[in-house]
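Each chain, written out:
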Amino acid sequence: MDYQPVVVQRHARPAAAKHSPESRYWRQFKHPVFIKEYAPVTSIQFSPSKPHRYAVTAATRVQIYAPRTQKVTKTISRFKDVARSGNIRPDGKLVVAGDDTGLVQVFDINSRAILRTLDSHKQPVHVTKFSALAPTQVLSCSDDTTVKLWDVPSQTEVVTFHAHTDYVRSGEVSTSNPHLILTGSYDATMRLFDTRTSQCEMIMGGGDTSSAVPVEQVKMFPSGTMALSTAGPILRLWDLVAGGRCLRAFSNHQKTITSLAFDGSAGRLLTGSLDHMVKVYDISSYKVVHTMRYPAPVLCLAISPDETHIAAGMSDGTLSVRRRQPKASEGADPPFALKTGAFETFLGGTLPIIGQGRTKSKIKPKPTGDADELRIESRRARRLKEYDRLLKGFKYSAALDSVLRKNVPPTTAFSLIQELIHRDGLRSALAGRDDVLLEPVLRLLVKHVTDPRFGEMVSDVSTLVIEMYTPVLGQSPLIDSLFMRLRKKVLAEIRFQKELVKTKGALEMIFASATLTAA
């Protein structure tokens, strides 16, 4: 009896699933650092300016972290109740935050001093943000259903919107138009306001109020043409150009989405949720390209502008920071700088001075030492200008005198005056001057009163000087003559502006008639 041999087929071991290039990129954010706070972390925001420090808001304090070390560099704890929405100004110098008493405060990020107090809201303020295009303005959204835009220097409300009917828990100023404000509320609507008309120009959402879901987060695209909103686990895309039409709604989370963040190029969207997940979407297709799991519900999320850090705050008080090491091709700072005269001496040649783009002498010294040795350039601390040192010492009058010299450009002088105005120090800087010290102030005002760059500031300063020194007029012929010159230049400028208005009206009539004739 013939037996046929049995052939045993050996199946190859299944290959490990290969990650897509997109997933491999996001997997570079590894080795998360976990920092325990005393209460839920409700807000994280990275500074747009380098070194991209980030503000973390939890309990009754706002902490400023250094991205390289993940250590706290500043702690702001001057709040009477739970702090909300710590936000760093684009230049990295100021911090604004609200609290559950309804107070909005502006702090100096270095000294932690309270610079401005904005007290108008009657209930907790959950949103405080600087305007990216108008950094002297602050947006605040409150549980009292109002949305306010503030002028920080004068501590006054620019405009207040009352259109919402429930808590307003999210909002932002457009990064492409400083007059547009997008907000989301627990009345289930997302609204677009215009500060020029002081009206709500667009309403998105709403519908059946009995089944309406509160809007937790809103996010406007950098172009200002589209916006995103979250209600429960659902993410919606809105076309603002088409009048607020909903383009699509999708859900990849199991629970409420609590945070939205764009990457540096706005090509990827990160969403954090109470289901412990952070998902990354490709904006071109709105498909999930990567998912990150966290140990607790995610309340807030942020990614650094240089895309090297992802920070997430959780309901159990944990702050998680994931870091990615940038490649050299991405323009990262070199770990060290070679100083000409060191390495070139070892090799017997010359190297360009880094950062200056030129070489020293072409003489090649005799090679000495080991070619593998490096000399690290020591960085000297930048010396402060005289007026900066005086400002730092609160010597406002001396600081003003230092910029009134002939060799100081007017932009510097008026920048210092603007800083004194912000510090409420201009009056003290101008006070107590005799005719010798008052003369350079008046000469500066006379010279630049018709300059369109400084005209408005000159008017404000002149009003203050006249108010302060009217009682002593007539005691110094020099000061009296300078006041008269200032008055004559102002009157001449007013006449000139009136002529311009007449000319403009005549030209508009000519253009209008020409258009009708051509038609």
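Throughout this document, residue positions are counted from 1 along each chain, in the order its sequence is written. Totals for whole chains, interfaces and linings use every residue, but because this is a predicted model, local features are given only for residues with pLDDT of at least 70 and side-chain atom pairs only at 80 or more, for both listing and counting. Only heavy atoms go into the side-chain values, all of them from the structure, while hydrogens and water stay out.

A closer look at the overall build of the protein chain
In terms of helices and strands, the protein chain carries 9 helices and 28 strands. Here, residues are in contact when the closest pair of their heavy atoms is within 4.5 Å. If you take every contact in the protein chain between residues at least 6 apart in sequence, the share linking residues at least 24 apart comes to 45%. Here a helix means four or more residues in a row that DSSP labels H or I, a strand means two or more in a row labelled E, and each is numbered from the N terminus.

Some thoughts on the confidence of the model for the protein chain
Reading fine detail from the predicted coordinates is not recommended where pLDDT is low. One number per residue, pLDDT, summarises how confident the predictor is, and it ranges from 0 to 100. On average, the protein chain scores 84 in pLDDT, and the residues at 70 or more come to 85%. Confidence, expressed as mean pLDDT per element, reaches its minimum in the protein chain at helix α2 (residues 343-347) with 40 and its maximum at strand β11 (residues 137-142) with 96. In the model, residues 1-17 has pLDDT below 50 throughout and makes 0 contacts with residues more than four positions away in sequence or in other chains.

Here we look at the side chain of Ser304
Looking at where Ser304 falls in the secondary structure, it is placed in the loop between β26 (298-303) and β27 (309-314). The cut-offs for exposure are 20% and 50% of the maximum accessible area for each residue type, with area from a 1.4 Å probe on protein chains only; residues under the lower value are buried, those over the upper are exposed, and the others partly exposed. Assessed through its relative accessible area of 2%, Ser304 is described here as buried. At 2.7 Å, the side chain of Ser304 and the side chain of Asp306 are in polar contact. A 3.5 Å cut-off defines polar contacts: any pair of N or O atoms within that distance qualifies, except that in protein one atom must be a possible hydrogen donor and the other a possible acceptor, and neighbouring residues in sequence count only when both atoms are side-chain atoms. Here the side chain of Ser304 touches Thr308 through a polar contact of 3.0 Å, landing on its backbone nitrogen. The contact partners of Ser304, leaving out residues within four places of it in the chain, are Phe46 and His309.

Points about the sheet that holds strand β22 (residues 257-262)
The pairing criterion is simple: DSSP has to find at least two bridges between the two strands. Pairing in this open sheet of 4 strands is antiparallel, and the strands run β22-β23-β24-β25 from one edge to the other. Single-partner strands in this sheet number two, and they are β22 and β25 (287-293). Averaged over all pairs of adjacent strands, the angle between strand axes in this sheet comes to 20 degrees, irrespective of strand direction. As paired elements, β22 and strand β23 (residues 268-273) share 5 bridges and run antiparallel to each other. Counterpart to Ser259 in the pairing with β23 is Gly272. As a rule, the C-alpha atoms of each element are fitted with a line to give its axis, helices using only the stretch in contact, and angles between N-to-C directions run from 0 to 180 degrees.

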